[in-house]
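Observations on chain architecture
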Amino acid sequence: MSQVIQQQIGNVALVVENYDDAIEFYTQKLQFKLVEDTDLGDGKRWVQVSLPNSNGTNLLLAQASTDEQRHAVGNQTGGRVFLFLQTNDFWRDYKLMKDNGVTFNEEPREEAYGTVVVFQDLYGNKWDLLQLNNA
């Protein structure tokens, strides 16, 4: 009998300029929860944030420490949308984010798969806020 493989993505690393600024943005503007903030010494921290009712995948906020990493801040995917924030209530979350000063790159639009809008995090990484038609 073969063993059932159970895997999941636990963390997605996001290179940031400053731990505290990133924590403030994600917890205050996007309503993420601070999961962990552990001092690792030498200016490094293990910082994880997650959405309420998350499936276990966290963002690992990694402060840039080299020129190469600093160059990637805000452009981790070469200008493409990096992450997709799925919701069960697009208009509730869109309004909350807009009220919290989140920058949107466009007006919300209806696509064959659902309602979507592109927004930016504090460094300019592009995200989709998305409600799928079956949600």
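Above this note sits the structure.
What counts and how
- Residues numbered from 1 in each chain as written.
- Predicted model: local features only at pLDDT ≥ 70, side-chain atom pairs only at ≥ 80, totals over all residues.
- Heavy atoms only, no water.
- Pairing = 2+ DSSP bridges.
- Helix = DSSP H or I, 4+ residues; strand = E, 2+ residues; numbered from the N terminus.
- Axes fitted to C-alpha atoms, helices over the stretch in contact; angles between N-to-C directions.
- Contact = heavy atoms within 4.5 Å.
- Polar contact = N/O pair within 3.5 Å; in protein donor to acceptor, adjacent residues only side chain to side chain.
- Buried < 20%, exposed > 50% of the residue type's maximum accessible area, 1.4 Å probe, protein only.
- Arc of directions from axis to C-beta.
- Salt bridge = Lys/Arg side-chain N within 4 Å of Asp/Glu carboxyl O.

1. Let's talk about the sheet that holds strand 1 (residues 11-16)
Sheet architecture is open: four strands sit in the order 1-4-3-2, paired in mixed fashion. The open sheet is flanked by strand 1 and strand 2 (33-41), the only strands paired with a single partner. Neighbour-to-neighbour, the strand axes of the sheet open up by a mean angle of 25°, direction not taken into account.

2. Some words on the environment of T27
The residue T27 is located in helix 1 (residues 19-29) in this model. Considered as a pair, T27 and V49 are 22 residues apart in the sequence and their alpha carbons are 7.8 Å apart. The contact partners of T27, leaving out residues within four places of it in the chain, are F32, K33 and L34. A polar side-chain atom of T27 sits 2.7 Å from the main-chain carbonyl oxygen of I23.

3. Side note on helix 3 (residues 90-99)
Burial in helix 3 covers these residues: F90, D93, Y94 and M97. Along helix 3, the residues classed as buried sweep out an arc of 100° about the axis, all on the same side. Exposed side chains of helix 3 directed beyond 90 degrees from the buried face belong to K95 and D99. Looking at the packing, one finds that the buried side of helix 3 touches helix 1, strand 6 (103-104), strand 8 (114-120) and strand 9 (126-132). Of the residues flanking the end of helix 3, it is G101, one or two places downstream, whose phi is positive at about 85°.

4. Remarks on the side chain of T87
The topology assignment puts T87 in the loop between strand 5 (81-86) and helix 3. Residue T87 is classed as buried on the basis of its relative accessible area of 9%. For T87, the side chain forms a polar contact with the side chain of R92, separated by 3.3 Å.

5. Some thoughts on the pattern of salt bridges
Per the counting criterion, the structure on display carries seven salt bridges. Across the pair D67 and R70 runs a salt bridge, and its minimum N-O distance is 3.0 Å. With D67 and R70 both in helix 2 (residues 67-72), this residue pair falls three residues apart, about one helical turn. By relative accessible area, which is 46% here, R70 ends up partly exposed. For the salt bridge of R109 with E111, the shortest nitrogen-to-oxygen distance reads 2.7 Å. Taken together, the shared-partner salt bridges connect D20, D37 and R45 into one network.

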